Amino acid sequence: MAEKARIAVFISGTGTNMAALLYASRLEDSPYEIALIASNVAGAGGLDLAKLEGIPTFVHSHKGLSREDHDAAMEAAAKSAKAEFIVLAGYMRILSDGFVKRWEGRILNIHPSLLPKYKGLDPHARAIEAGDSHGGASVHLVTPDLDSGEVLAQAKVAIAPDDTAEQLEARVKLAEHQLYPRAVADYVSRGNDPDYLYSKVCELALALPETHKRDSHGSPGFRVGSEKSGKFFAHFSQQHHGSEHIAILVKTSGMDELLDLVEAQPETYYKPAYYGASGWVGLILNRPGVDWSHVEEWLERSWRAVAPARLTKLLDAADMF
Ligand code: GAR
């Protein structure tokens, strides 16, 4: 199994979600481990449990500090624990934009509502008040706008006719304890998940004009032009011919450029078997920090290299706006 992803969990309260994350991380096949439990509240319930279980802890009160300074202290602790992801579990602080941007795509939160409903405070009371049939919880990526990042997973919880907010909250927590460890595990693994990588590539490749999928030598490929006479501009390669890479093969200008790329950035590019001989370079997707806008640029460039002029002109015109 690949190395486990290191996560720092931030808490402010009782820490029951933290406990669920912690015990799930102890299961043999967990793809993540907890590197640090950090809190802004000295007496936060979860800290004692973390200590008992031998997890490093860090506490730094926010009192008297600017938001940026407090975030910087928490961030320094996460970094020194070598955390790759920050997982908020009842962390009742709004994070500064700078902090969120520095960790973009690497901070997750759980919120006790079915987002986009009931962002912010008192979601249970608001769901009951609105007469909703269900409340629930959502795991989402953290962005500068409160509770508004991409939703990764949700769990629904039925609302009883005579429910109080407290009763609903207690049942939603049970659901959260199932949901959060699973969502974190899926998220930290998705960079190595061929299905996820393939779906991202499909989204980008098929967004280009007049493109379609076509298998070639048993692997999925992408063509531009008609179904009958289209030309390949990309091939998806999943650990082919003994390579450990999951990659998208795109067209370079020729062997010189291909070899230069591979030499300068061997963690990003490789020369694939067979296809390499005709100038296709492998852009590696199963690596940390893959930049999807870079993948998008390569797909567009490769598409341009084989697309008919009437289509490239169309894209040029669109790019001007
Ligand atoms: C959880 O219900 C979590 O969804 C909520 O705080 C609770 C923490 O409980 N988070 C938010 O409301 C964030 N906006 P816990 O400390 O027992 O895990």
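Report follows, based on the coordinates. (Residues numbered from 1 in each chain as written. Predicted model: local features only at pLDDT ≥ 70, side-chain atom pairs only at ≥ 80, totals over all residues. Heavy atoms only, no water.)

**Focus: the packing of aromatic side chains**
Scanning the entire structure with this criterion turns up eight aromatic pairs. Judged by centre distance (6.5 Å) and plane angle (50 degrees), the rings of Phe222 and Phe233 are tilted. Here Phe233 lies in strand 10 (residues 231–238) and Phe222 lies in strand 9 (residues 219–224), a separation of eleven residues in the sequence. Residue Phe222 shares its accessibility class with Phe233, and that shared class is buried. An angle of 85 degrees between the planes, with centres 6.2 Å apart, marks the rings of Tyr275 and Trp280 as edge-to-face. Through a chain of ring-to-ring contacts, the aromatic side chains of Tyr198, Phe222, Phe233 and Phe236 assemble into a single cluster. For Arg106, the ring lying beneath its charged end belongs to Trp103, and the centroid distance is 4.4 Å. In this structure, Arg223 packs its charged tip against the face of Phe232, placed 5.6 Å from the ring centre. (Phe/Tyr/Trp six-rings, centres within 6.5 Å; stacked < 30°, edge-to-face > 60°. Helix = DSSP H or I, 4+ residues; strand = E, 2+ residues; numbered from the N terminus. Buried < 20%, exposed > 50% of the residue type's maximum accessible area, 1.4 Å probe, protein only. Lys NZ or Arg CZ within 6 Å of the ring centre and 35° of its normal.)

**A short note on the pattern of salt bridges**
All chains considered together, the criterion is met by eleven salt bridges. A salt bridge links Glu210 to Arg310, with the shortest nitrogen-to-oxygen separation between them at 3.1 Å. With Glu210 in the loop between helix 7 (194–205) and strand 8 (211–216) and Arg310 in helix 10 (residues 309–319), the pair connects residues that are 100 residues apart, well separated along the chain. On the basis of relative accessibility, which here comes to 52%, the residue Arg310 falls in the exposed class. (Salt bridge = Lys/Arg side-chain N within 4 Å of Asp/Glu carboxyl O.)

**Points about the sheet that holds strand 1 (residues 5–11)**
Where strands meet in a sheet, backbone hydrogen bonds hold them as pairs that are either parallel or antiparallel. Reading across the sheet, the seven strands line up as 3-2-1-4-5-6-7 and stay open at both edges, with mixed pairing between neighbours. Only two strands of the sheet have a single partner each, and these edge strands are strand 3 (57–59) and strand 7 (151–158). On average, each strand axis in the sheet is tilted by 20 degrees relative to the strand beside it, whichever way the strands run. Pairing geometry for strand 1 and strand 4 (residues 85–88), over four bridges, is parallel. Residue pairing across strands places Val9 opposite Val87, the latter belonging to strand 4. Each of strand 1, strand 2 (32–39) and strand 3 touches helix 2 (residues 45–52); the most contacted strand, strand 3, lies at about 150 degrees to it. (Pairing = 2+ DSSP bridges. Axes fitted to C-alpha atoms, helices over the stretch in contact; angles between N-to-C directions. Contact = heavy atoms within 4.5 Å.)

**Description of the sheet that holds strand 9**
Reading across from one edge, 8-9-10-11-13-12 is the order of the six strands in this open sheet, with antiparallel pairing throughout. Here the strands that pair on one side only, and so sit at the sheet edges, are strand 8 and strand 12 (269–270). Examined bridge by bridge, strand 10 and strand 11 (residues 246–251) share five bridges and lie antiparallel to one another. Bridge pairing in strand 11 places Gln238 opposite Ile246.

**Focus on the pairing of strand 13 (residues 280–284)**
The element strand 13 is extensively covered by neighbouring structure, given that five of its five residues are classed as buried. Burial along strand 13 is two-sided: the residues Trp280, Gly282 and Ile284 and Val281 and Leu283 are all buried. Here five bridges tie strand 11 to strand 13, and the two strands are oriented antiparallel to one another. Each residue of the ladder has a partner; that of Lys251, found in strand 13, is Trp280. Pairing of strand 12 with strand 13, which is carried by two bridges, proceeds in the antiparallel orientation. If you follow Tyr270 over to strand 13, its bridge partner there is Gly282.

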